[in-house]
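# Understanding the architecture of this molecule
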Amino acid sequence: MTTGCVTTFLFSAALASMSLLASAHTEEFFDSRPSPHGGQMRMTGPYHLELVSRDNEIVVYVMDHADSELSVNGGSGKAIIQSSKTRTKTSVKLEQAGDNILKGSGDFSITPETVITVFVTLPEQEAYAASFTPLKLKAKLSNKAKVTKRQVDSSEGHSHHMQH
């Protein structure tokens, strides 16, 4: 094999592995697997962010790409909560609340249509942002479970057809 062929092969292999890594970090990928704290996960820059939200409270866990905790010491964040029905936006300051935790509270409620955009800045790092729809996934999974249950229930009522 010539040097040019080896270089081309290595370059192609590097591109292929990068595309595999990128596809492993899609929203669909994160939404298809459980998260460490029961929230919604997203990737932004060098981070995995997990958002756990309830009415009036936002908690963001900051991790690296291997889901290992990253220190947020000296860091900060902001969450913009937007309701698609009322088009209102609420800004919540996020402050350190643990080794890898940013937390904030405010006057807002969360619905399946709510979009939360989180901005995280850690010392000597660029600011990164990720968008979440924390209840949309739960509503989607709940509807999927209902459909599956209906399919099971309806097939049980027709099992006598198979006995003929």
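Residues numbered from 1 in each chain as written. Predicted model: local features only at pLDDT ≥ 70, side-chain atom pairs only at ≥ 80, totals over all residues. Heavy atoms only, no water.

### A few points about the packing of aromatic side chains
Definition in use: Stacked, edge-to-face and tilted labels apply to pairs of Phe, Tyr and Trp rings (six-membered ring for Trp) whose centres lie within 6.5 Å, assigned for plane angles under 30 degrees, over 60, and everything in between, in that order. In this text, helices come from DSSP runs of H or I with a minimum length of four residues, and strands from runs of E with a minimum of two, each type numbered from the N-terminal end. Accessible area is worked out with a 1.4 Å probe on protein chains only. A residue is then buried under 20% of its type maximum, exposed over 50%, and partly exposed in between. Criterion for a charge above a ring: Arg CZ or Lys NZ at most 6 Å from the ring centre, at most 35 degrees from the ring normal.
Throughout the structure, instances matching the rule amount to 1 aromatic pair. The interplanar angle of 90° and the centroid separation of 5.4 Å between the aromatic rings of Tyr47 and Tyr128 together place this pair among those described as edge-to-face. Of the two residues, Tyr47 sits in strand β2 (residues 47–54) while Tyr128 sits in strand β8 (residues 127–132), which places them 81 residues apart along the sequence. Look at Tyr47 and you get buried, because its relative accessible area is 3%. Geometry around Phe119 places Lys78 over its ring, the cationic atom sitting 5.7 Å from the centre.

### Overview of the sheet that holds strand β6 (residues 101–105)
Formally: Two strands form a pair only when DSSP identifies at least two bridges running between them. In this analysis an axis means a line fitted to C-alpha atoms, helices contributing only their contacting stretch, and an angle means the value between N-to-C directions, from 0 to 180 degrees.
Strand order in the open sheet made by the 8 strands is β1-β2-β3-β6-β5-β4-β7-β8, with antiparallel pairing throughout. The sheet terminates laterally at β1 (40–44) and β8, the two strands that pair on one side only. Between one strand and the next, the sheet's axes are offset by a mean angle of 25°, whatever the strand orientation. Strand direction decides the pairing type here: strand β5 (residues 89–98) and β6, joined by 3 bridges, are antiparallel. Its bridge partner being in β6, Gly98 is matched across the sheet by Ile101.

### Describing the nonpolar core
Rule in force here: For our purposes a nonpolar core is just a set of buried Ala, Val, Leu, Ile, Met, Phe, Trp, Tyr and Cys residues, chained together by side-chain atoms within 4.5 Å. We call two residues in contact when some of their heavy atoms are within 4.5 Å.
Counting residues in each nonpolar core, the largest one holds 21 residues, and the members touching the most others are Leu49, Ile58, Val60, Val62 and Val118. Counting residues per element, the ones that place at least two in this core are β2, β3 (57–63), β4 (76–82), β5, β7 (115–121) and β8. The contacts of Val118, once residues within four sequence positions are left out, are Leu49, Leu51, Val60, Lys78, Ala79, Leu94, Tyr128, Ala129, Ala130 and Phe132. By size, the runner-up hydrophobic cluster in this structure holds 6 residues, among which are Met41, Val52, Val59 and Met63.

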